[in-house]
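What follows is each chain in one-letter form.
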There are 4 protein chains.
Amino acid sequence: MPIVSEEHKNQRKKQILDSALACFSQKGYDVATIDDIVKHSGISKGSIYNYFKSKEEIYIDLLEVSTKNIYDELTVQINKLHTAIDQMKFLFDYLIDQDPSTELQKDYSLVKFEFQLSSSRNEELKEVLENSLKDTKMKIIEGILSKGVISGEFRKELNIEVYAEMFWSFVDGATLQNLLFPNYPYHELLKEQKSIFLKKVIKP
Amino acid sequence: MPIVSEEHKNQRKKQILDSALACFSQKGYDVATIDDIVKHSGISKGSIYNYFKSKEEIYIDLLEVSTKNIYDELTVQINKLHTAIDQMKFLFDYLIDQDPSTELQKDYSLVKFEFQLSSSRNEELKEVLENSLKDTKMKIIEGILSKGVISGEFRKELNIEVYAEMFWSFVDGATLQNLLFPNYPYHELLKEQKSIFLKKVIKP
Amino acid sequence: MPIVSEEHKNQRKKQILDSALACFSQKGYDVATIDDIVKHSGISKGSIYNYFKSKEEIYIDLLEVSTKNIYDELTVQINKLHTAIDQMKFLFDYLIDQDPSTELQKDYSLVKFEFQLSSSRNEELKEVLENSLKDTKMKIIEGILSKGVISGEFRKELNIEVYAEMFWSFVDGATLQNLLFPNYPYHELLKEQKSIFLKKVIKP
Amino acid sequence: MPIVSEEHKNQRKKQILDSALACFSQKGYDVATIDDIVKHSGISKGSIYNYFKSKEEIYIDLLEVSTKNIYDELTVQINKLHTAIDQMKFLFDYLIDQDPSTELQKDYSLVKFEFQLSSSRNEELKEVLENSLKDTKMKIIEGILSKGVISGEFRKELNIEVYAEMFWSFVDGATLQNLLFPNYPYHELLKEQKSIFLKKVIKP
DNA sequence: TATGAATGAGAATTCATTCAT
DNA sequence: AATGAATGAATTCTCATTCAT
């Protein structure tokens, strides 16, 4: 018989994660302190430790929840479309429109990149990344590509895995550059890449 | 021991930077401690602070020196070639051969990516990145592209800046993915990208 | 323990300042360490830094609080007396009675002298000294002198500022010598000075 | 058979002590570093440790040498005068003329006060102070006073020790205030004190 | 003698986590 | 559940002193 509703608890957790996102984005995970989150969220230190058992748990939860939110929504939109080509175009356009991304998008991207980097040194984080984040992203593009191959829209001999990796490595690379350099031609690059990628993939 | 040769001092500095690279790569800049560098290098803490005035200075020097070493060498090799197409191919092949890159290469890449991330939160680092690291990389590719445009090898209407950014965003993106995911098809991706890029760039 | 009364927090602060006084007095500000204060007070290092943000802040607070306590009390006592001559005599007697002063008095005096010295090299300390410490002391003596001039007890042509400075320079000088040399004839000197000073000041 | 002449060694020592005086005055003994002295003197660290076995020894030597220099010279001048009254007047005038003292005078005074303070916490320093510094100063004034009593210039019943202490406690107090407060009326105070002191001391 | 690189104990300060209220 | 005071291990950096050259 909980004193506080599940609803309220989720609300509280979300509040903490939102603040954590802001703080980790601004200062980086290692430099940001629990006190930063306290100040940003207005929630006491003790309370934060009621909801999460460590700073690292906040980090992991943050990434899992954010990623899920973003890609679930995207998947729904993509599945509304009927051809692989349309889906592919939609995915590109969706990513192109992200710039000039919202502050939230930017925060998320920064934190995600740092997480990826940290994960290369920390087994627990790596597992989260592999199982949760990477998987979600790859499923989307692999889904579209195999759908296209099956439907005959895309080239039969297409190496799906390579093209899927190629897709995200370019997008992630561009997103990173875009975060780091103010005049980065994100739009142009993605548009260019869209046309190149489609030409390579679509059956001539 | 004093009144020691400049040679010896440079050797000592290099030793410290080498250890710093290993430590920063293994744990990340924030988590790695000066004591880690002490342990790894066998040089005392006091001595390290005789050569560098802060942990941050080690970080910056490390990036500047490493980058200079890598790209100076690369530039020399490229300049030996006479056509832009050969230079472009050489650059791709050079990058393709980097994988499965030495441990040192990997360490450098990891640290460089973390540096890029940190630089988005720290003006001093950002300046180093802009003035030193980014600049060096961009000059190489822009040099090749403009040489090709002038010589007539490449398309006249080529937007050099966009293609230069595109080139590195892809390479950096792939390098990052390669670092993070063991089965990343780095070779295939770069080869594919080489053929795509050349086709786009070379006058038909 | 949190959500603790303001009372308790003030008590804690006082405890830290008391220990700081003891430590700074015993070893000097620069030589005394935070660990000394930890050991003396039984309060953990982290806690001390919850109450004061630096060693220097402890120093400044210590001086301000101590001075305020001492001179506020003294001012109250002086204001109970109705003639400037009585006030002047009381002030001398009060200072004469300070010797052989309590340990606390001695500690305070030592720390105060060191603070004065440090303040000649540190703008922040100098400001505290000028605005808080010096001012408080000068107000007391200037108050008495001008009261005496107005009431006709003291010589009309008395240069109040000069005599005020003279008063404290002598007292502070004697206090310092007294601290430093065990057989210093503090009593006799102040009694002598009392009679000289009064004779010079009182209208013949 | 020394390689370097005694002359040269003394010259070197003096150079170090001069720099030490400047550094200790500017930053205080604890804060000033051997490297500060190295920088100021142009003499290497190793060399400094050839001439003095520790930072503290520099401190002690500095005080002893400076004090000796100052008071030896003063004693010579005083002994040229034939009456105690003239000597007393000369001493006052000498001290009055010290303000606006030279930078060197100021440095010496600051360092001397700090030394006095430190000596209250350090037996070795205390001994130096008692045996060397205090003694020298007291001898001068006690010499004059007893000469005056014997010659009949001064009051027979004069308590020489008390008046000697009183003299220096006032002078040192004023010197300290003068160092610390830019507008301190050092001249006026000493002139005033000169007339008071002489009146009290000279046989009516 | 002169040099200045090397050393490491020790300083101030921070911060994730705990826990009494 | 919520609070925020308390803790102390861990961090960066300093500096008197030593000693090989």
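Since we're looking at a predicted model, the values are computed, not measured.

Enquirer: Just checking my understanding: could you explain the overall build of chain A for this structure?
Expert: The helix and strand tally for chain A stands at nine helices and zero strands. Reading chain A from its N terminus to its C terminus gives the helix and strand order α-α-α-α-α-α-α-α-α. When each of the 204 residues of chain A is scored for burial, the buried share is 52%. By sequence separation, contacts in chain A at least 24 residues apart represent 68% of the contacts at least 6 residues apart. With the model as given, the accessible surface of chain A reaches about 9,900 Å², and the carbon-plus-sulfur share is 52%.

Enquirer: Can you help me understand the interface of chain C and chain D in this one?
Expert: Accessible area lost when the parts come together is the quantity often used to give the size of an interface. Contacts between the two partners involve 40 residues from chain C and, on the opposite side, 40 residues from chain D. Regarding the contact of chain C and chain D, the summed buried area is about 3,600 Å², with carbon and sulfur atoms giving 66% of it. Per-residue buried area on chain C facing chain D is highest for Leu117(C), Arg121(C) and Phe181(C); these three make up 18% of the total on that side. At the junction of chain C and chain D, the tally comes to four salt bridges. Here chain C is connected to chain D by eight residue pairs in polar contact (both at pLDDT 80 or more). Contributing elements (two or more residues each) for the side of chain C that touches chain D: helix H1 (6-27), helix H6 (103-119), helix H7 (123-151), helix H8 (160-180) and helix H9 (186-201) of chain C. It is H8(C) that contributes the most residues to the side of chain C that touches chain D, 13 residues altogether.

Enquirer: Would you mind showing me how to read the UniProt feature "domain: HTH tetR-type" (unreviewed entry) in chain A here?
Expert: UniProt tags residues 10-70 of chain A as "domain: HTH tetR-type" (unreviewed entry). Helix makes up 80% of residues 10-70 of chain A and strand 0%, with an end-to-end C-alpha separation of 18 Å.

Enquirer: Explain the packing of aromatic side chains to me, please; I cannot follow it from the model alone.
Expert: Aromatic rings considered in pairs are described by the distance between their centres and by the relative angle of their planes. On inspection of all chains with the given rule, the structure shows 46 aromatic pairs over all chains. The interplanar angle of 70° and the centroid separation of 5.1 Å between the aromatic rings of Phe24(B) and Tyr29(B) together place this pair among those described as edge-to-face. For Phe24(B), a relative accessible area of 0% corresponds to the buried category. Judged by relative accessible area, which is 12%, Tyr29(B) ranks as buried. Among the aromatic residues, those joined into a ring-pair cluster are Tyr71(A), Phe92(A), Tyr163(A), Phe167(A), Trp168(A) and Phe197(A). Of note, Lys55(D) hangs over the ring of Tyr29(D), and the distance from its end group to the ring centre comes to 4.6 Å.

Enquirer: Looking at this model, I keep getting lost on the relation of the copies chain C and chain D. Mind explaining?
Expert: Here the second copy of the chain follows from the first by a rotation about an axis and a shift along it. With an RMSD of 0.2 Å, chain C superimposes on chain D once it is rotated by 179° and translated 0.0 Å along the axis. What the rotation and shift describe, once combined, is the action of a two-fold rotation axis. Minimal C-alpha distance to the rotation axis in chain C is attained by Gly173(C), lying at 1.8 Å. Taken together, the interface assignments show that 100% of the residues at the interface of chain C recur at the interface of chain D, consistent with an identical surface on both copies.

Enquirer: Help me out: how do you make sense of the environment of Asp30(A) in this one?
Expert: Relative to the elements of secondary structure, Asp30(A) occurs in the loop between helix H1 (6-27) and helix H2 (34-41). A relative accessible area of 34% means that Asp30(A) is categorised as partly exposed. Sequence-wise, Asp30(A) and Lys55(A) are 25 residues apart; in three dimensions their C-alpha atoms are separated by 9.7 Å. When sequence neighbours within four positions are dropped, the list of residues in contact with Asp30(A) reads Lys55(A), Glu114(A), Asp30(B) and Val31(B).

Enquirer: Would you take a moment to explain the UniProt feature "DNA-binding region" (unreviewed entry) in chain A for this structure?
Expert: When the UniProt feature table is mapped to this numbering, "DNA-binding region" (unreviewed entry) covers residues 33-52 of chain A. For the annotated span residues 33-52 of chain A, helix accounts for 75% and strand for 0% of the residues, and the straight-line distance between the end C-alpha atoms is 14 Å.

Enquirer: What am I meant to see in the interface of chain B and chain A here?
Expert: In this complex, chain B contributes 41 residues to the contact, which on the side of chain A involves 40 residues. Between chain B and chain A, the buried area comes to about 3,600 Å², and carbon and sulfur atoms account for 66% of it. Put simply, chain B and chain A have four salt bridges between them. The partner of Arg121(B) in a salt bridge is Glu114(A), with the nearest N and O atoms 3.6 Å apart. Connecting chain B to chain A are eight residue pairs in polar contact (both at pLDDT 80 or more). Listed by contribution, the elements that provide at least two residues to the side of chain B that touches chain A are helix H1 (6-27), helix H6 (103-119), helix H7 (123-151), helix H8 (160-180) and helix H9 (186-201) of chain B. If you tally residues by element for the side of chain B that touches chain A, the top one is H8(B), at 13 residues. Its residues placed into classes, the side of chain B that touches chain A shows 20 nonpolar, ten polar and eleven charged.

Enquirer: Whenever I open this one, H9(C) confuses me. Can you help?
Expert: Each turn of an α-helix holds 3.6 residues, which means side chains three or four residues apart point in the same direction. Along its 16 residues, H9(C) runs 22 Å from first to last C-alpha, staying within 8% of the 22 Å computed at 1.5 Å per residue. Listed as buried for H9(C) are Tyr186(C), Leu189(C), Leu190(C), Glu192(C), Gln193(C), Lys194(C), Ile196(C), Phe197(C), Leu198(C) and Val201(C). On its buried face, H9(C) is in contact with helix H5 (84-97), H7 and H8 of chain C together with helix H8 (160-180) and helix H9 (186-201) of chain D.

Enquirer: Would you take a moment to explain the relation of the copies chain B and chain A for this structure?
Expert: Turning chain B through 179° and shifting it by 0.1 Å along the axis lays it on chain A, with an RMSD of 0.2 Å. When the interface residues of chain B are mapped onto chain A, 98% of them again lie at the interface, so the same face is used by both copies.

Enquirer: Help me out: how do you make sense of the arrangement of the chains in this one?
Expert: Between chain A and chain C there is no contact, and the shortest C-alpha to C-alpha separation is 10 Å. Taking C-alpha atoms as the reference, chain B and chain C come no closer than 21 Å and do not contact one another.

Enquirer: Before we go on, may I ask you to explain the pattern of salt bridges in this structure?
Expert: Think of it this way: side chains of opposite charge can pair up when their charged atoms draw near. A complete count under the given rule lists 58 salt bridges over all chains for this structure. Its salt-bridge partner being Glu192(D), residue Lys200(C) comes within 3.4 Å of it at the nearest N-O pair. Here Glu192(D) lies in helix H9 and Lys200(C) lies in helix H9, a pairing that spans two chains. Among the charged side chains, a salt-bridge network with shared partners connects Lys112(A), Lys137(A) and Asp172(A).

Reading the values: the criteria
- All residue numbers refer to positions counted from 1 along the written sequence of the respective chain.
- Each chain is given a letter, starting from A, and each ligand a number, starting from 1, according to the order in which they appear as written.
- With the structure being a predicted model, the display of local features is reserved for residues of pLDDT at least 70 and the display and counting of side-chain atom pairs for 80 or more, all residues being used for whole-chain, interface and lining totals.
- Side-chain numbers here rest on the full set of heavy atoms in the structure, without hydrogens or water.
- Helix and strand labels come from DSSP, where a helix needs a run of H or I of at least four residues and a strand needs a run of E of at least two; each type is numbered from the N terminus.
- Buried residues are those whose accessible area, probed at 1.4 Å on protein chains only, stays under 20% of the maximum for their type, while exposed residues exceed 50% and partly exposed ones sit between those limits.
- Working rule for contacts: check all heavy atoms of both residues, and any pair within 4.5 Å makes them a contact.
- Here the accessible surface of atoms and residues is derived via Shrake-Rupley with a 1.4 Å probe, and residues count as covered only by protein chains that are part of the display.
- A 1.4 Å probe defines the accessible area here, and the buried area is the portion of it lost by two parts on being joined, summed over both.
- We define a salt bridge as a contact between a side-chain nitrogen of Lys or Arg and a carboxyl oxygen of Asp or Glu at a distance within 4 Å.
- Any N or O atom pair separated by 3.5 Å or less is treated as a polar contact, with the protein-specific requirement of one donor-capable and one acceptor-capable atom, and with residues adjacent in sequence counted only for side-chain atom pairs.
- UniProt positions are given in the numbering used here, feature names are shortened, and annotations may be inferred rather than shown by experiment.
- A pair of aromatic rings is counted whenever rings of Phe, Tyr or Trp (Trp by its six-membered ring) have centres within 6.5 Å, and the orientation is called stacked for planes under 30 degrees apart, edge-to-face for over 60 and tilted otherwise.
- Each ring is checked for a lysine NZ or an arginine CZ that lies within 6 Å of its centre and within 35 degrees of its normal; such an atom marks a charge sitting over the ring.
- Only residues with pLDDT of at least 70 in both copies count here: their C-alpha atoms drive the least-squares fit that superposes the copies.
- Under the grouping applied here, Gly and all other residues not named as nonpolar or charged are polar, the nonpolar ones being Ala, Val, Leu, Ile, Met, Phe, Trp, Tyr, Cys and Pro and the charged ones Asp, Glu, Lys and Arg.
- Multiplying 1.5 Å by the helix residue count minus one yields the expected span of that helix.

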